[in-house]
Amino acid sequence: MDFNRTQGLKKDSDFRKVYKHGKSFASRYLVMYILNNKSENSRIGISVSKKVGKAIIRNKVRRRIKEAYRLNIDENVKIGYDIVFIARVAIKDAEYKDIEKSMKHLVKKAEMYI
């Protein structure tokens, strides 16, 4: 993932740690978990279940989530957090602007803006 201030979250153990110890926020299309990682950079993970659709749909959803994050949140998010976005089934019918709005709402709700 190529973001300016954020790295990718890759290991399953890191995802599980965020799920277990992190705080969650939910909207119609996304669930967001955040956990302070006590480091100098933030990391983002994206999870799209097979319930959302076949591979083409899941990849499309993943790309839209990445782009919404990169354009709207990457530059303005607090440093030192692991953030995991989980796509809900309803997201497969959502437009990009709906995903973007949902993501902004979650980040604001979690008070993650600088």
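Here's what I pulled together on the structure shown here. The model shown is predicted, which means the values in this text are computed figures rather than measured ones.

### What about the nonpolar core?
And then number 1: Counting 28 residues, the largest nonpolar core has Met32, Ile65, Tyr69, Ile83, Phe85 and Ile91 as the members making the most contacts within it.
And then number 2: Secondary structure elements with two or more residues in this core: β3 (30-36), β4 (42-48), α2 (55-72), β5 (81-87) and α3 (96-109).
And then number 3: Excluding residues that lie within four positions of it along the chain, Ile91 makes contacts with Tyr29, Leu30, Val52, Val61, Ile65 and Ile99.
And then number 4: Counting 5 residues, the second largest nonpolar core, distinct from the first, contains Phe15, Val18, Leu35 and Val84.

### Considerations on the side chain of Arg58
And then number 1: Here Arg58 is to be found in helix α2.
And then number 2: A polar contact of 2.9 Å, which involves the side chain of Arg58, links it to the backbone oxygen of Gly53.

### A look at the pattern of salt bridges
And then number 1: Scanning all chains against the criterion turns up 4 salt bridges.
And then number 2: Taking the shortest distance from any N to any O, the salt bridge between Arg43 and Asp14 comes out at 3.4 Å. You can see Arg43 sitting in strand β4 and its partner Asp14 sitting in helix α1 (residues 12-21), a full 29 residues away along the chain.
And then number 3: On the accessibility criterion, Asp14 (17% relative accessible area) is buried.
And then number 4: For Glu67, the salt bridge is made with Arg70, and the minimal N-O distance between the two is 2.7 Å. You can see Glu67 and its partner Arg70 sitting in helix α2, 3 residues apart, about one turn around the helix.
And then number 5: Glu67 gets classed as partly exposed once you look at its relative accessible area, which sits at 30%.

### Digging into unusual backbone geometry
And then number 1: Unusually for a residue other than glycine, Lys38 sits at a positive phi of about 55°.
And then number 2: The exposure class of Lys38 is exposed, given its relative accessible area of 75%.
And then number 3: Look at Glu111: it is not a glycine, yet its phi comes out positive at around 55°.
And then number 4: Its place among the elements puts Glu111 in the segment after α3.
And then number 5: Taking relative accessible area as the criterion, Glu111 reaches 60% and is therefore assigned exposed.

### Regarding the sheet that holds β3
And then number 1: Across the sheet, 5 strands lie side by side as β1-β4-β5-β3-β2; this open sheet has mixed pairing. Taken across any chain shown, the strands that pair with only one partner, and hence form the sheet edges, are β1 (6-8) and β2 (23-26). Neighbour-to-neighbour, the strand axes of this sheet turn through a mean angle of 25°, independent of strand direction.
And then number 2: Across 6 bridges, β4 lies against β5 in parallel orientation. Residue pairing for β5: Gly45 is matched across the bridge by Val84.
And then number 3: In the packing of α1 onto the sheet, the strands contacted are β2, β3, β4 and β5, and the crossing angle to β3 comes to about 95°.

Each value, and the rule that gives it
Residues numbered from 1 in each chain as written. Predicted model: local features only at pLDDT ≥ 70, side-chain atom pairs only at ≥ 80, totals over all residues. Heavy atoms only, no water. Core = buried A, V, L, I, M, F, W, Y, C linked by side-chain atoms within 4.5 Å. Buried < 20%, exposed > 50% of the residue type's maximum accessible area, 1.4 Å probe, protein only. Helix = DSSP H or I, 4+ residues; strand = E, 2+ residues; numbered from the N terminus. Contact = heavy atoms within 4.5 Å. Polar contact = N/O pair within 3.5 Å; in protein donor to acceptor, adjacent residues only side chain to side chain. Salt bridge = Lys/Arg side-chain N within 4 Å of Asp/Glu carboxyl O. Pairing = 2+ DSSP bridges. Axes fitted to C-alpha atoms, helices over the stretch in contact; angles between N-to-C directions.

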